[in-house]
Amino acid sequence: MNISKFLAMGGYAVYVWPSYGLTATVVALNILWARRSLRRAQREARRRLAALKLAALP
Amino acid sequence: MAWVWFHRFGSPPYFYRVARRLTPWLGWPALILGVAGLIGGLGLAPPDYQQGDGFRIIYVHAPAAWLSLMIYVVMATSAAVGLIWRMNVAHAVAASCAPIGASFTALALATGMLYGRPMWGTYWQWDPRITSELLLLFLYLGYMALRAAFDDVARADRASAVLAIVGVVDVPIIHYSVIWWNSLHQAPTVMKFGRPSMPASMLVPLLLMLAGFSLYFGALLLTRARGEVLRRERNAHWISAALEES
């Protein structure tokens, strides 16, 4: 298969490649956002745990 | 039997542990299916006899649109379960759906615009399918804004659950919009009774993409839901157990 012919997408390149590019971006960002949201919750939980332990001290 | 399963998943520590172990089992197959779908969709499938190579947008547009609907159904169902059985894990799952669903609804609209321009000659039309899909985006955004308006997680859970459940009527409207009304958008090719109107060389990559995106959503959902479950937990004993496992 010819690479430049593949990239040209039969004249539809300006519609096909931005669609795939946007999709790749949304897929990657969602992975990043999900991990960040979990890490933030873990950080908050660690802080809350420290406070709970402190409150339980005699 | 079913009830044992239901109660187990309602237990935050159990959910947290199982979700963590399950995530890679969804994520890696999703990657494999996605790569196979891309090779099939961009390389192996023949150009369409009417739309030429432009039809290849369907391999990203249809999965995005499918996720936008599936995620909403998952969100509304878990919100209902959370409301009826006062189950925190279900509320955590519902809350985790919204940002993922909103992003894929926006993607479905954006790729739809890029698909519409060469095929219909316009980026945008106030067409039943497009308008009802835009409403879905506003439902997701409204749900997130409503949650953000509460400081108390439990109250945010209850209020937003009602919105999620009411909004679910938009899902069948979106699906049937192309049948009920005269729409620019084509009628279903795959999600219909009878045989899909596509040759296997075009259909198989599409099914691979749909399966891959669904599993990928599962992995994202479990990751986010673990954080949301942790956020709702006040029991020091299991918070420390969960954090040790990480």
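Criteria and thresholds
Residues numbered from 1 in each chain as written. Chains lettered and ligands numbered in written order. Predicted model: local features only at pLDDT ≥ 70, side-chain atom pairs only at ≥ 80, totals over all residues. Heavy atoms only, no water. Helix = DSSP H or I, 4+ residues; strand = E, 2+ residues; numbered from the N terminus. Buried < 20%, exposed > 50% of the residue type's maximum accessible area, 1.4 Å probe, protein only. Phe/Tyr/Trp six-rings, centres within 6.5 Å; stacked < 30°, edge-to-face > 60°. Lys NZ or Arg CZ within 6 Å of the ring centre and 35° of its normal. 1 Å grid on protein atoms, 1.4 Å probe; cavity = no way out; pocket = protein on both sides within 12 Å on 5 of 7 lines; lining within 4 Å. Points joined across faces, edges and corners; volume = space filled by probe spheres on them.

Draft legend 1. Fine view of unusual backbone geometry. Phi is positive for M9 of chain A, which is not a glycine, with a value near 50°. With respect to the helices and strands, the residue M9 of chain A is situated in the loop between α1 (3-8) and α2 (13-56). With a phi close to 45°, R86 of chain B is a non-glycine residue in the positive phi region. Mapped onto the elements of the fold, R86 of chain B is located in the loop between α3 (58-85) and α4 (88-120). On the accessibility criterion, R86 of chain B (70% relative accessible area) is exposed.

Draft legend 2. Here's a closer look at the packing of aromatic side chains. Scanning the entire structure with this criterion turns up 11 aromatic pairs over all chains. Within the aromatic cluster, the residues linked to one another by ring pairs are F6, W17 and Y20 of chain A. Between R226 of chain B and the ring centre of Y16 of chain B, over which it is positioned, the NZ or CZ distance is 4.9 Å.

Draft legend 3. Main features of empty space enclosed by the protein. Residue and element names in this part refer to chain B. Evaluation of the coordinates by the stated rule reveals 1 cavity of 30 Å³ or more. Of the voids in this model, the largest cavity is the one considered here, and its volume is about 30 Å³. Tallying contributions element by element places α4 first for the lining of the largest cavity, with 3 residues.

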